[in-house]
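Examining the three-dimensional arrangement
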Amino acid sequence: MATLIDDTVRVRPTDPALLPIHDKVMAGERLSREDGIALFESRDLLAIGALADAVNQRRNGDRVLFAANQHINPTNVCVLRKTCVFCSYARTPKEDGAYTLSLDEVFAEAENVRDMRVREFHIVGGLHPKLRLSYYEEMIRGLKERHPGVSIKALTAVEIAHLARIEKLSVEEVLRRLVAAGLDSMPGGGAEVFSKGVRRTIADRKLAAEEWLDVHRCAHRLGIFTNCTMLYGHVETSADRVEHILMLRELQDETGGFLTYIPLAYHPDNNELGRQLGREGTATTGFDDLKNLAVGRLLFDNVPHVKTHWIMNTIKVSQVALHFGVDDLEGTVVREKIYHEAGAHTPQGLRLEEVVGLIRGAGRRPVERDARYNVVREWP
Ligand code: V47
Ligand code: SF4
């Protein structure tokens, strides 16, 4: 449960619906489903942000964490290409632009930026019908051999379940083998929105909510820390958002294995859903991005960190988010592909000095971390 906040929150709500929520947060009480819906429905963004900032300051002080990381996307070939209608990245095997990196190409991608002192590889991609578990084991082992100090965050729950299916192994066995190869933690993708109705519309054949949660439950039991996400800004309602967050919060009560929560802003370009909704060229608003981050901080009284993905939220909104409950910032990235296919206009990567500068520019203290959130380096 959240701890009692004795500092004065800087902005008092003007929306009367927020007054009882303000009092509950001040008293360290857990927020309910109804509170969550009231927060998402409210337009009193400054009061919500100030409350989230107070909670974050209490929990994490003025530190903002980031990783000097490199995103590696081994393949965009995906068996769910036709049914994840929000995805601009996936291809069928024979489609224009389909690619699959050989292990040597993956190692070369990492080698090319050795001078950037990367300390975390973030590895996610499509569900390739033919790539076997051994490909990922050799990739993780090979990266660890070549870059001994670097931690590896790899494979979403959806990719793990896919590997289990094609290998005819249990999820537990797949995870054990990846850990033996050097896996340190897992990203939080593939959760999208758990509501059955929304999933049917945007990701019909993807792992169901309970299956996604089961993969993370199993990972946590094996001592693998993971992240959690929610894809917002498409067809979901406020109630869907809150239901999703509370399901994650419940698993966190059980296992304590989630490190950070990352709300992912839907990007509507070059995908079927964007076309269906007539939304191409119109990403989520900065207002909704900040609200999702702040409400995440308020509802998750048991997840240590909330992360802004600057690639999607933009660098400017992400910097402001550091005063809206956020203490975790996506890192250097190097060369992002997934969201740039979907219309992100941000740079594909940032230099470490730029990440440090943007945190300092917000009056916060940069702290470099590894994939398990151990501190690597602190700035004054
Ligand atoms: O599950 C795909 C999202 C996720 C779009 O754990 C889209 O640190 C917006 O796992 N618009 C995969 N989002 C990426 C992922 C991730 C990303 C950043 C940080 C972490 C972490 C994990 O990307 C998918 C889906 O939710 N996504 N297409 C799109 N058009
Ligand atoms: Fe495949 Fe992931 Fe894209 Fe779905 S979101 S089509 S699982 S790459």
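Just so we're clear, the structure is a prediction, and the values are computed from it rather than from any experiment. (Residues numbered from 1 in each chain as written. Chains lettered and ligands numbered in written order. Predicted model: local features only at pLDDT ≥ 70, side-chain atom pairs only at ≥ 80, totals over all residues. Heavy atoms only, no water.)

1. Looking at the overall build of the chain
The condition that has to hold: Secondary structure elements follow DSSP: runs of H or I of four or more residues count as helices, runs of E of two or more count as strands, with numbering from the N terminus. Only C-alpha atoms enter the radius of gyration, while the globule expectation follows 2.2 Å times N to the 0.38, with N the number of residues. Only protein chains enter the calculation, and the probe is 1.4 Å; a residue is then buried if its accessible area is under 20% of its type maximum, exposed if over 50%, and partly exposed in between. Pairs of residues are marked as contacts when any of their non-hydrogen atoms sit within 4.5 Å. For the accessible areas, the method is Shrake-Rupley and the probe is 1.4 Å, while residue cover comes only from the protein chains on display. Positive charges are assigned to Lys and Arg, negative charges to Asp and Glu, while His and the chain termini are left out of the count. Every charge is mapped to an atom, namely NZ of Lys, CZ of Arg, CG of Asp or CD of Glu.
The helix and strand inventory of the chain stands at 16 helices and 11 strands. Here the C-alpha radius of gyration of the chain, 20 Å, is about what a compact globule of 380 residues would show, namely 21 Å. Principal-axis analysis of the C-alpha atoms places the extent of the chain at approximately 55 × 45 × 40 Å. Scored against the burial criterion, the 380 residues of the chain give a buried share of 60%. Across the chain, the fraction of contacts at a sequence separation of at least 24, relative to all contacts at a separation of at least 6, is 75%. On the chain, roughly 15,000 Å² of surface is accessible, and the fraction owed to carbon and sulfur atoms is 50%. Looking at charge distribution, the chain has the averaged site of its 50 positive side-chain charges lying 2 Å from that of its 54 negative ones.

2. As for the pattern of salt bridges
We count it as follows: Only one rule defines a salt bridge in this text: a Lys or Arg side-chain nitrogen within 4 Å of an Asp or Glu carboxyl oxygen.
With the rule as written, the count across this model stands at 29 salt bridges. Across the salt bridge formed by Glu137 and Arg177, the nearest N and O atoms sit 3.0 Å from each other. Within this pair, whereas Glu137 is found in helix 5 (residues 133-146), its partner Arg177 is found in helix 7 (residues 171-181), the two being separated by 40 residues in sequence. Accessibility expressed as a relative area gives 10% for Glu137, which makes it buried. Overall, the relative accessible area of 29% leaves Arg177 in the partly exposed class. Salt-bridge contacts for Arg275 lead to Glu272; the nearest nitrogen and oxygen are separated by 3.6 Å. Of this pair, Arg275 and Glu272 both sit in helix 11 (residues 272-277), 3 residues apart, which is roughly one turn of the helix. For Arg275, a relative accessible area of 44% translates into the label partly exposed.

3. Describing the site of ligand 2
Short version of the rule: Distances are taken per atom, and a residue is near a molecule or strand as soon as one of its heavy atoms is within 4 Å of it. Just so you know the grouping, Ala, Val, Leu, Ile, Met, Phe, Trp, Tyr, Cys and Pro go in nonpolar, Asp, Glu, Lys and Arg go in charged, and all remaining residues, Gly too, go in polar.
Near ligand 2 the following residues occur: Cys78, Leu80, Cys84, Phe86, Cys87, Ala90, Gly126 and Lys206. Looking at side-chain class alone, the shell around ligand 2 contains 6 nonpolar, 1 polar and 1 charged residues.

4. Here we look at the packing of aromatic side chains
For the record, the criterion: Each aromatic pair joins two rings of Phe, Tyr and Trp (for Trp, the six-membered one) with centres within 6.5 Å, and gets the label stacked for planes under 30 degrees apart, edge-to-face for over 60, and tilted for any other angle. Either the NZ atom of lysine or the CZ atom of arginine qualifies as a charge over a ring when it sits within 6 Å of the ring centre and within 35 degrees of the ring normal.
Within this structure, the stated rule accounts for 6 aromatic pairs. With centroids separated by 5.8 Å and ring planes inclined at 40°, the aromatic side chains of Phe66 and Trp379 adopt a geometry described as tilted. Of this pair, Phe66 sits in strand 1 (residues 63-66) while Trp379 is found in the segment after strand 11 (375-378), placing the two residues 313 residues apart along the sequence. This pair shows no difference in class: Phe66 is buried, exactly as Trp379 is. Ring plane angle 45° and centroid distance 4.6 Å describe the contact between Tyr261 and Phe300, whose orientation is recorded as tilted. Of this pair, Tyr261 sits in strand 7 (residues 258-265) while Phe300 sits in the loop between helix 12 (286-299) and strand 8 (305-308), and the two are 39 residues apart along the sequence. For Phe300, a relative accessible area of 0% gives the class buried. Cation over ring: Arg43 sits above Phe287, and NZ or CZ is 5.2 Å from the ring centre. If you follow Arg146 out to its NZ or CZ, it ends over the ring of Phe107, 3.8 Å from the centre.

5. Regarding the nonpolar core
Just so we agree on the cut-off: By nonpolar core is meant a set of buried Ala, Val, Leu, Ile, Met, Phe, Trp, Tyr and Cys residues that side-chain atoms within 4.5 Å join together.
Counting residues in each nonpolar core, the largest one holds 113 residues, and the members touching the most others are Phe121, Leu143, Leu178, Trp212 and Leu298. Excluding residues that lie within four positions of it along the chain, Phe121 makes contacts with Gln70, Ile72, Ala110, Leu143, His147, Val150, Ser151, Ile152 and Lys153.

6. Points about the packing of helix 9 (residues 209-221) against helix 10 (residues 238-255)
For clarity, the cut-off: Inter-axis angles, ranging from 0 to 180 degrees, are taken between N-to-C directions of lines fitted to C-alpha atoms, where helices are fitted over the stretch in contact. For classification purposes, an angle smaller than 35 degrees is called roughly parallel, one larger than 145 roughly antiparallel, one from 65 to 115 roughly perpendicular, and anything else oblique. A clockwise turn of the near helix away from the far one marks a right-handed crossing, whereas an anticlockwise turn of less than a right angle marks a left-handed crossing.
Where helix 9 meets helix 10, the axes come as close as 11 Å, and the angle between the chain directions of the two elements is 25°. Comparing the axis directions of helix 9 and helix 10 gives the class roughly parallel. As helix 9 runs across helix 10, the sense of the crossing is right-handed. Where helix 9 approaches helix 10, its residues Ala209, Glu210, Trp212, Leu213, His216, Arg217 and His220 are matched on the opposing element by Met247, Leu248, Leu251, Glu254 and Thr255. By residue class, the composition of the contact of helix 9 with helix 10 is 6 nonpolar, 3 polar and 3 charged.

7. Brief notes about the packing of helix 5 against helix 7
Where helix 5 meets helix 7, the closest approach of the two axes is 8 Å, and the angle between their N-to-C directions is 25°. The angle between helix 5 and helix 7 falls in the class roughly parallel. Relative to helix 7, helix 5 is oriented so that their crossing is right-handed. Across the interface between the two elements, Leu133, Tyr136, Glu137, Ile140 and Arg141 of helix 5 pack against Val174, Arg177, Leu178, Ala180 and Ala181 of helix 7. Of the residues assigned to the contact of helix 5 with helix 7, the class counts are 7 nonpolar, no polar and 3 charged.

8. Regarding the site of ligand 1
Under the convention used in this document: Nitrogen and oxygen atoms within 3.5 Å of one another constitute a polar contact, given that in protein one can donate a hydrogen and the other can accept it, and given that sequence-neighbouring residues count only through two side-chain atoms.
Of all residues adjacent to ligand 1, which total 24 residues, the nearest are Phe86, Lys153, Gly190, Glu192 and His267. Separating an oxygen atom of ligand 1 from a backbone N or O atom of Gly189 is a distance of 3.2 Å. Within the side chain of Lys307, one N or O atom sits 3.0 Å away from an oxygen atom of ligand 1. Considering ligand 1 on its own, with 630 Å² of exposed area, one finds that the protein chains cover 96% of that surface. Of the residues forming the shell around ligand 1, the biggest block, 3 residues, is contributed by strand 7. Partitioned by chemical class, the residues of the shell around ligand 1 number 11 nonpolar, 9 polar and 4 charged.

Without other data, these values stay purely geometric and don't point to any function.
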